[in-house]
Amino acid sequence: AHLITDGLVPAEQRMERMMGLLAKGQREAGFPIRILDQAMQMDVASAHASAAKDKTKLLNSLRLPWAKTRMLLQDAPDSDPSYEAVSRAMREKMGAANLLSSMARDFRTEHYAGLNTDPQISAPLYGGLPRHEVSRIINNMERDLWNQLEDTVQKFFPKLAGAGWTQSDVEQKAKEIRAKNSYSAGVSMAYL
């Protein structure tokens, strides 16, 4: 089953903002496009309900949110500004979800395989490497950077290239690890 959510789920919220959005897009990418396209045409006033009286209650509850039950059973007008407001809000939400999931379908996420360290988010193979292998390589790179070994980026680039990483991706990840190491140590490693 695929689910569209309003915002990020808790596991995505624990990630860096852009990575969380990417994970959300990947999660929602499998949502049926046909349904998203139909939602983009949504018009509350012309929507169907299982029973006519249900549609009347629903439309009146949009139009009269604080009304008593008896008022909700009255005939609903064919149009009302509240119907269009709800329809527009739903179309906007579905449009954003459609855009994000279509971008995720087209985006080569294997470049960012090692950036996601949340075990609750599942991930496929990255350029032929399983996620756990990419994580192992990143952990080894973290260790070597902590120990300030020479040519760490050059050493790990060929290994991560197998997962689709570029030299720039590896250098960026090394910068992030160095910043984390410096924060953990309280000073630059060169001074310890």
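Along each chain, residue indices are assigned from 1 in the same order as the chain's sequence is written. Where local features are concerned, this predicted model is filtered to residues with pLDDT of at least 70; where side-chain atom pairs are given and counted, the filter is 80 or more; whole-chain, interface and lining totals use all residues. Only heavy atoms go into the side-chain values, all of them from the structure, while hydrogens and water stay out.

**Describing the environment of A76**
Consideration 1: Along the polypeptide, A76 turns up in the loop between α5 (69-72) and α6 (81-106).
Consideration 2: Each residue gets one of three labels from its accessible area relative to the maximum for its type: buried under 20%, exposed over 50%, partly exposed in between, using a 1.4 Å probe on protein chains only. Take A76: its relative accessible area is 22%, and that puts it in the partly exposed class.
Consideration 3: On a C-alpha basis, the gap between A76 and L58 in space is 9.1 Å, while along the polypeptide they are 18 residues apart.
Consideration 4: We call two residues in contact whenever any of their non-hydrogen atoms come within 4.5 Å of each other. Other than its neighbours up to four places away in sequence, A76 contacts T56, L59, N60 and Y83. Here a strand is any run of E in DSSP of at least two residues, a helix any run of H or I of at least four, and the numbering for each starts at the N terminus.

**Here's the deal with the packing of aromatic side chains**
Consideration 1: For Phe, Tyr and Trp, rings pair up if their centres lie within 6.5 Å, where Trp contributes its six-membered ring, and each pair is then called stacked (planes under 30 degrees apart), edge-to-face (over 60) or tilted (otherwise). Overall, the coordinates contain 0 aromatic pairs when judged by the stated rule.
Consideration 2: Comment: the charge-over-ring label is applied if NZ (Lys) or CZ (Arg) is within 6 Å of the ring centre and within 35 degrees of the ring normal. The positively charged end of K159 is found above the aromatic ring belonging to F156, 4.9 Å away from the centroid.

**Quick notes on the packing of helix α7 (residues 131-146) against helix α8 (residues 152-161)**
Consideration 1: Interaxial angle, 0 to 180 degrees, is taken between N-to-C directions of lines fitted to C-alpha atoms, where a helix line uses only the stretch in contact. In the contact formed by α7 and α8, the axes pass within 10 Å of each other and the chain directions differ by 175 degrees. Comparing the axis directions of α7 and α8 gives the class roughly antiparallel. Residue-level contacts link V134, I137, I138, N140, M141, D144 and L145 of α7 to T152, K155, F156, K159 and L160 of α8. When describing relative orientation, an angle under 35 degrees is termed roughly parallel and one over 145 degrees roughly antiparallel, while 65 to 115 degrees is termed roughly perpendicular and anything else oblique.

**Regarding the confidence of the model for the protein chain**
Consideration 1: Per-residue confidence from the prediction method is given by pLDDT, with values spanning 0 to 100. Scored by pLDDT, the protein chain comes out at a mean of 78, with 81% of its residues at no less than 70.
Consideration 2: When mean pLDDT is compared element by element in the protein chain, helix α4 (residues 52-63) scores highest at 92, while helix α2 (residues 17-28) scores lowest at 80.
Consideration 3: When the criterion is pLDDT under 50, residues 108-126 qualifies, and its contacts beyond four places in sequence or with other chains add up to 49 contacts.

**Details of the nonpolar core**
Consideration 1: The set of buried Ala, Val, Leu, Ile, Met, Phe, Trp, Tyr and Cys residues whose side-chain atoms join them within 4.5 Å is what this entry labels a nonpolar core. If you look at the biggest cluster of nonpolar residues, it comprises 13 residues, and the most contacted ones within it are V134, I138, M141, L145, L160, W165 and V170.
Consideration 2: Looking at this core, the elements that each hand over two or more residues are α7, α8 and α9 (167-185).
Consideration 3: Counting residues per element, this core draws most heavily on α7, at 5 residues.
Consideration 4: With near-sequence residues (within four places) excluded, V170 lies in contact with M141, V153, F157, L160 and W165.
Consideration 5: The next biggest cluster of nonpolar side chains, apart from the first, holds 6 residues, and it includes I4, F31, M94 and A97.

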